[in-house]
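Per-entry structural report
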Amino acid sequence: MDIELVSVDPASFPDAFTVAFDVIYPGETWCRSVVDVAHDVAGSMAFEERAAITAARDALLDLLVVEAGPVSFHLRIGLDGTAILAKGRPGPRAVS
């Protein structure tokens, strides 16, 4: 598994940054994950973009390490920790 930074962008309050990563798995499977960094958390890092990227990557890796296969996350890092807002796996989707 390899993880690559895609982007880091300013976000609307209550967040300060939105950080996107591509996680590449064996067999050319990749999943994009997004991590929102809350304004108060970013403030505790002096709004340093590099610190927000590092925190976002660490939070994502903490969750990826326990997953058995490819997965995408939408996370939010707040003062109370990391919340999973959404989780998905690649593959066919049911059509209704």
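Residues numbered from 1 in each chain as written. Predicted model: local features only at pLDDT ≥ 70, side-chain atom pairs only at ≥ 80, totals over all residues. Heavy atoms only, no water.

Comments concerning the overall build of the chain
When its secondary structure is counted, the chain shows two helices and five strands. Taken over C-alpha atoms, the radius of gyration comes to 14 Å for the chain, in line with the 12 Å a tight globule of 96 residues would show. Taken along the three principal axes of its C-alpha coordinates, the chain extends 40 × 30 × 20 Å. Taken over 96 residues, the chain has a buried fraction of 35%. Relative to all contacts within the chain whose residues are 6 or more apart in sequence, the contacts with residues 24 or more apart total 38%. Surface accessibility of the chain: about 5,800 Å² in total, with carbon and sulfur atoms responsible for 54%. Side-chain charges in the chain split into 7 positive and 14 negative, and the spacing between the mean points of these groups amounts to 7 Å. (Helix = DSSP H or I, 4+ residues; strand = E, 2+ residues; numbered from the N terminus. Rg over C-alpha atoms; globule rule 2.2 N^0.38 Å. Buried < 20%, exposed > 50% of the residue type's maximum accessible area, 1.4 Å probe, protein only. Contact = heavy atoms within 4.5 Å. Areas by Shrake-Rupley, 256 points an atom, 1.4 Å probe, with all protein chains shown as cover. Lys, Arg positive; Asp, Glu negative; His and termini not counted. Charge placed at Lys NZ, Arg CZ, Asp CG, Glu CD.)

What about the side chain of Asp22?
The residue Asp22 is located in strand S2 (residues 15–25) in this model. Assessed through its relative accessible area of 13%, Asp22 is described here as buried. At a separation of 2.7 Å, a polar atom in the side chain of Asp22 contacts the side chain of Arg32. (Polar contact = N/O pair within 3.5 Å; in protein donor to acceptor, adjacent residues only side chain to side chain.)

Section: the pairing of strand S1 (residues 2–10)
Of the pairings in the sheet, the one linking S1 to S2 comprises eight bridges and is antiparallel in character. Looking at the pairing, Ser7 lines up with Ala20 of S2. Count of turn residues in the S1/S2 antiparallel hairpin: four residues. (Pairing = 2+ DSSP bridges.)

All quantities given are derived from atomic positions and should not be read as evidence of function.
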